[in-house]
Amino acid sequence: MIADITLVAVLVAVACALPGVFLVLRQQSLQSDAISHSVLFGIVVCFFLVRTLDSPFLLLGAVATGILTVLLSEVLLKTGLLKEDASIGLVFPFLFSLAVILISLYAGDIHIDTDAVLTGEIGLTPFHRFEVAGWDLGPQAAWSMGAIAAANLGLLALFFKELKVSTFDAGLAASLGFRPGLIHYGLMVMVSLTAVGAFDSVGSILVVALMIAPAATATLLSESLSRRIVLTVVVAVVAAVVGILSAFVLDTSMAGTMAVAASLLFGLAFVAAPKTGLVSRALAHRERRWVFAGYTLGVHLLAHEGTQEQERECRVDHLQEHLHWKPDYAQRVVETAVRGGLVEREGHQLHLTPLGRETVKSLMDRG
Amino acid sequence: MITFDYTLATVALGGAMVGLLSGVLGTFALLRRQSLLGDTISHAALPGIALVFLATGLKDPLALLLGAMAAGWIGTLVISAVVRNSRVRLDAGMAVVLSGFFGLGLALLSVIQNLPNANQAGLSKFLFGNASTMLRQDVIVMAVFVVLSLVVVSLLWKEFKVSTFDPEFARSLGFPLGLLDTLLLSLVVVAITIGLQSVGVVLMSAMLVAPAAAARQWTDRLGRMVALSAIFGVAAAVSGALVSSAVPRLPTGPTTVVLISAVVLVSITLAPRRGLVWAAVRRLRDRGEVAQLRLLEELYWMAQNHASSDHVHERGALKSVVAGSLNANLAALERSGWVVLTAEGVRLTASGLEKAKEALAVGRSE
C-alpha cells in the first residue's frame, strides 16, 4: 500500500513541478494558490450538473474555473482601479465562498468536506482502483495523475521555445508571433488541470507546495532553464518520497509532511546552495573583505614607494597608525598579501613585489 | 426569521470587530500592495495554533491567538529574509512560507488528532472558520486586540501615512522605516489571526483586501478611506452574520465574503469619478465635446470660403468630420446656441462664430 501511495505522490510531484517552474519564473506563484482554491467552485457546479463525483466532466469544469479565476483577476486589473495583488486576492476567495455556500446549502450530505478540500486524502488513493476487464491496474489516482504529468510534459516539450521566450522577453515573443497571451492562458490551463487532478489526493495546499517550493529551490541551484526544470522535478520527487515516508513513520498527515519536506529542501538550498546559498555568500563576502584589505595595503605601499617616508610608513607596525588596523588584523592582512605574492616582507619592512605593483597600478587605473 | 439571540449577538459582534480591524489595516496593506500577505499570514498561522495546543493542552482563546500571531509573524520574517538574501522573488517566497507553514500545521494537527485528548475537537474549526463556535471570551479577547491596534494606528497615524505614500520622504525625515513596516505588518498579523476564527483561513484574504478595495473607489484621502473601509468591513461582517442566521445551513464566513465582494463590485462600477459607469459616461461626454468643437471649427473654415458667415452648409459636407453621430452632435451645438439647423442644412450663429474663433485661437497658440 505504501508503494501505491508513494507512486501517486511521485506522479503528483512531477505533474506539479513542471508548470511550477514557469509560475516562479513569471512571478505568478500565487496564482497556484488562487486557482487551487477556486477550482472547488468548478467542481461543485459540475457536480450539480452531472450529479456524480466520478465524472471527467468535473475536470473540465474545474479547468474552466481556473481560467475564469485568471480572467476575472485580469478584468479587475484592467479597470485600472485595482492593483495585481488585490485583483487576485479578491477573486479566488469569492469563488471559493460561492462553492462552500453551494455545498452547504444543497449538497451537505455528500463527501465534499471543506477540510478535505484543503488537505486531500492521499491515504485513500490505494482504495480506488482502476480496473479494466477485471484487471486491477493500480490506484486510479496514479493513472489520472500520470496522465496529467504526461500531458504537462508533452505540452512543455511542444511549447518549450514559446514558453521560454515569452517568459523572459514577452515583447520579443509577441514580435516573433508566439502569442504570449495564449501561452499565459495555456500555462494557467496546465495549472488548473494539475490542481484539479491533485485535489482529491493531496488538496490545494500541497499543490502550491509542490508547484512552487521545488521550482524556487531550483532557481537557487542553477541558472539554465533546462537544468532548472530537471532539478525542480528531482526536488519535487524527493520531497514527495521523504514526505510519505515521514508521514508513515510519524503517523501524521501526508499532505502536511510532503509540504514541509518541500519547504525544508528549499530551506536547505537557501542556506547551503553553492554560490547562492547564505553560507556561500557569507564566505564569499568574507573573502572579498580580505582581498580588499590586501589591495588597501598595496595602495598604501605604492603611495609611499620611493618617497622619503618609505622606511617609516612601510613598516608592519605603522599600519596600525596609518590605516587604523588592529595589530592582529594587520598581521593577517600582511600574511594574506605575502601568500598572494603581492608583498614581500623583510623584518618589519614591507615592499610591493613586481606582481603586487602591477596589480595595484591596474586597480587604480581602473578606478 | 432572524431570532436575535446570544449566539447571533456574539457572532455579529465578533464579525464586526474583524471587519473593523481588517478594514483599517487592509487599507494600508492595499496601498502598500501587500494584499496577498493576508492569505500568506493566515495560512502560516496554523502551526502556531497547533503548537500552543500541543504545549499547553488548552484551548484558551488568548493563548491560541498568541500562538497564531507568533507563527504568522515568524512567517513574515522568513519571507523578508529569503527575499532579501537570495534571488527568490516575493511571490515565490510567500508561496513557500504559506504552504510550508500550513503543511507543518496540518502535520501537527494530525498528531493532535491522534492524541487521546478530547479537547482538540474545535481546533480545525478555528482554522476554517466556524463563527458559531465563538464564545463571549473569544469576543472579549478580540476586542482587546482591536482596541490596542487602533490605539497604535492613531498614535502613529502620521508616520504610517507618510511611510506608505512617500517612503523616501519618510526616510529623509528620519522615520525608522524598517521599524514602522514591521509594526504595521505585526498589526496586520493581529487582524488576520483575529479573523481566522470567524471567516477561516482561505477567506481572511478577502476580508483584508475587499473593504479597502471598495473604499478606495470612493475617496482619495487616507483618513476617509480608512473610515469607509472599516464601515464596509463591519457592515459586511454583521450582515453576513444576520443573513446566515436567517437562512438555514448558510455558513457565515463565505456569506460575509460574498457580501463584501458585492460591495467591491458596486464600488468599482458606481463610485463617482473612479467608477466604471461614470468613467464611461464621462468619456462619452468628452468625446461629444471634442466632436462638437471639431464641427464648429469645420463650419468656420467652410464659412470662410463663402461670402457671408450666414451661409447654410449642407450636412453632407460635415459627415466625414467626426466619427460619432453627426445629428446628435449638431443637436447639441444647436442647444448651445452656436448653430441653427434648418431644412437645408447648418448655419453658424454669431456666438457660434465667436466660439469657433476661440477654439481655433486656443489650438493655434499651443
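Everything discussed here concerns the structure shown above.
Here the structure is a predicted model, which means the values were calculated and not measured.

A.B. asks: Looking at this structure, how should I read the overall build of chain B?
C.D. replies: If you tally the helices and strands in chain B, you get 16 helices and 3 strands. Computed over its C-alpha atoms, the radius of gyration of chain B comes to 30 Å, more than 25% above the 21 Å expected for a compact globule of 366 residues. Projected onto its principal axes, the C-alpha positions of chain B cover 105 × 55 × 35 Å. Scored against the burial criterion, the 366 residues of chain B give a buried share of 51%. Looking at chain B alone, contacts between residues at least 24 apart form 69% of all its contacts between residues at least 6 apart. When the accessible area of chain B is evaluated, it comes to approximately 16400 Å², of which 63% is carbon and sulfur surface. With 29 positive and 21 negative side-chain charges, chain B shows a spacing of 6 Å between the two charge centroids.

A.B. asks: Which parts of the structure should I look at to understand unusual backbone geometry?
C.D. replies: In most cases, non-glycine residues show a negative phi, while peptide bonds are predominantly trans. Positioned with a positive phi, Gln27(A) is a non-glycine residue whose angle comes to about 55 degrees. Among the structural elements, Gln27(A) can be located in the loop between α1 (2-25) and α2 (29-50). Judged by relative accessible area, which is 40%, Gln27(A) ranks as partly exposed. The backbone of Arg273(B) sits at a positive phi, close to 75 degrees, despite the residue not being glycine. Inspection of the secondary structure puts Arg273(B) in the loop between α13 (252-270) and α14 (276-304).

A.B. asks: Before we go on, may I ask you to explain the pairing of strand β4 (residues 349-352) of chain A in this structure?
C.D. replies: On a regular strand, each side chain points to the face opposite its neighbour's, so the side chains alternate between the two faces of the sheet. Residues and elements named next belong to chain A. Here strand β3 (residues 343-346) runs beside β4; their pairing, made up of 4 bridges, is antiparallel. By the bridge assignment, Glu-344 is partnered in β4 with His-351. The hairpin formed by β3 and β4 contains 2 residues between the paired strands, and Gly-347 there has a positive phi angle of roughly 65 degrees.

A.B. asks: What's the story with the sheet that holds strand β2 (residues 339-341) of chain B in this structure? I'm lost.
C.D. replies: Strand pairing in a sheet relies on backbone hydrogen bonds, with the paired strands running either antiparallel or parallel. Residues and elements named next belong to chain B. The strand order β1-β3-β2 describes an open sheet built from 3 strands, whose pairing is antiparallel. Of all the strands in the sheet, just β1 (312-313) and β2 have a single pairing partner and so form its edges. Its contacts with the sheet place α14 against β1, β2 and β3 (346-348), and it is angled at close to 85 degrees to β3. Against the sheet, helix α15 (residues 326-335) contacts β2 and β3, and its axis sits at roughly 120 degrees relative to β2.

A.B. asks: Looking at this structure, I do not really get the interface of chain B and chain A. What am I missing?
C.D. replies: Bring the parts together and some accessible area is lost; that lost area is often taken as the interface size. Contacts between the two partners involve 54 residues from chain B, matched on the other side by 57 residues from chain A. Of the roughly 4600 Å² buried at the junction of chain B and chain A (both faces included), carbon and sulfur atoms supply 71%. For the pair chain B and chain A, the interface holds 1 salt bridge. A salt bridge links Arg87(B) to Glu223(A); its shortest N-O distance comes to 2.5 Å. Remark: the boundary between chain B and chain A carries 16 residue pairs in polar contact (both at pLDDT 80 or more). Elements with a contribution of two residues or more to the side of chain B that touches chain A: α2 (37-44), α4 (61-85), α5 (90-114), α6 (123-128), α11 (201-216) and α13 of chain B. Top element by residues in the side of chain B that touches chain A is α5(B). It accounts for 16 residues. Among the residues making up the side of chain B that touches chain A, the classes are represented as 32 nonpolar, 15 polar and 7 charged.

About the criteria used
Residues numbered from 1 in each chain as written. Chains lettered and ligands numbered in written order. Predicted model: local features only at pLDDT ≥ 70, side-chain atom pairs only at ≥ 80, totals over all residues. Heavy atoms only, no water. Helix = DSSP H or I, 4+ residues; strand = E, 2+ residues; numbered from the N terminus. Rg over C-alpha atoms; globule rule 2.2 N^0.38 Å. Buried < 20%, exposed > 50% of the residue type's maximum accessible area, 1.4 Å probe, protein only. Contact = heavy atoms within 4.5 Å. Areas by Shrake-Rupley, 256 points an atom, 1.4 Å probe, with all protein chains shown as cover. Lys, Arg positive; Asp, Glu negative; His and termini not counted. Charge placed at Lys NZ, Arg CZ, Asp CG, Glu CD. Pairing = 2+ DSSP bridges. Axes fitted to C-alpha atoms, helices over the stretch in contact; angles between N-to-C directions. Buried area = accessible area lost by both parts, 1.4 Å probe. Salt bridge = Lys/Arg side-chain N within 4 Å of Asp/Glu carboxyl O. Polar contact = N/O pair within 3.5 Å; in protein donor to acceptor, adjacent residues only side chain to side chain. Nonpolar A, V, L, I, M, F, W, Y, C, P; charged D, E, K, R; others polar.

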